[in-house]
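What the coordinates show
Residue-level listing of the chains:
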Amino acid sequence: MNNDFKAVSMLCILILFLSGCALTPTTAFKYEYPEEMLLPSTNLSIAIVSPEDKRWPDGENDIIWFDDPVKEIGEIIQEEIKSTGLFKEVLPVAKEEIIESGARMVLYTSVMLLAWDVPFPPEPDDITPIVGFRANSFTDLYGKVKIKVTLVDQDTGQNLINKEYYSSVRKTMSYFRTDLYGERERVIWKALKEVMGQLKVDLKEIYEEGRL
C-alpha cells in the first residue's frame, strides 16, 4: 500500500514538473545580431520594405513568441544588410514610401516559414510505464525558416534576386526541454541567422559582378 502511494505521489510530482516546463515560457532568446559593421563601399541606397507574413496559421508555433516575430525579422534584415557595407543608406519603408525614398535598390521579403519541430516525440501511452527512461531520453529539436527575397533595381526594373532562402537547424537535447519556449526560439533564430548568411553571400556576388 505504501509503495503504491509513493509511486502515485512521485508520478503526480513529475506531471506537475513537466506541466510547468511545457507551459512556462523561458526568458526570450534574442537574435544574434552582427557584431561587425563594414564601412559603406558604395553610394547606393537600399529601401527595405516591411516583411509580409505568408505563413500558414499555426497556433502551436505562434504561441512561443513574446513579440511579433515578423516585425522583428524586418529589423534583423535591416541590421544584416547594414553590416555588409554594400550600401551607404539602408532605409526601412512601407510599400507606399518606396518612390519617396529615392532608393535605387528595393528589397522585398515574405516570411514563408518560421517553425520548430520534434520529429519523433514519445507516444503519450509510452510515458507512464517507462517514465524514468523518457525523462532522461534525448531527441532532436529543429528550427526551420524560409524567407522569399526579391531585390529590384529600380533603374532597370530587373530582379537581381528572386528566390526562397531556407534553413533547418538541429539541436539534440532532453525530450522535455523541447517544450520550453526559449529553446524553440533559439533554434528558429539560428536557422534565420543561416538564411541571412545565404542572402549576404548572394549580395556580395552581385556586387563583385558589378550589378550593384
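Presented here is an overview of the structure given in this document.

1. Remarks on the nonpolar core
- Residues I46, I81, F87, L151, L192 and M196 are the most contacted members of the largest nonpolar core, which totals 44 residues.
- Among the elements of the structure, β1 (45-49), α3 (69-84), β4 (105-117), β5 (138-153), β6 (158-174) and α7 (181-208) are those that each provide at least two residues to this core.
- Residue contacts for L192: discarding those within four places in its chain leaves Y31, I73, I76, V145 and I147.
- V49, V93, A103 and V106 belong to the second-largest nonpolar core, a separate cluster that totals 6 residues.

2. Side note on α7
- Between its first and last C-alpha, α7 extends 41 Å over 28 residues, near the 40 Å set by a 1.5 Å rise per residue.
- Just past α7, the residue G210 takes up positive phi, approximately 80°.

3. Details of the packing of α3 against α7
- Axis separation between α3 and α7 bottoms out at 11 Å; the angle between their running directions is 40°. What the angle tells us is that α3 and α7 run oblique. For α3 against α7, the interelement crossing comes out right-handed. Contacts from P69, E72, I73, I76, I77, E80, I81, S83 and T84 in α3 reach W189, L192, K193, M196, L199, K200 and L203 in α7.

Criteria and cut-off values
Residues numbered from 1 in each chain as written. Predicted model: local features only at pLDDT ≥ 70, side-chain atom pairs only at ≥ 80, totals over all residues. Heavy atoms only, no water. Core = buried A, V, L, I, M, F, W, Y, C linked by side-chain atoms within 4.5 Å. Buried < 20%, exposed > 50% of the residue type's maximum accessible area, 1.4 Å probe, protein only. Helix = DSSP H or I, 4+ residues; strand = E, 2+ residues; numbered from the N terminus. Contact = heavy atoms within 4.5 Å. Expected span 1.5 Å × (residues − 1). Axes fitted to C-alpha atoms, helices over the stretch in contact; angles between N-to-C directions. Parallel < 35°, antiparallel > 145°, perpendicular 65-115°, else oblique. Left-handed = near helix turned anticlockwise from the far one by under 90°.

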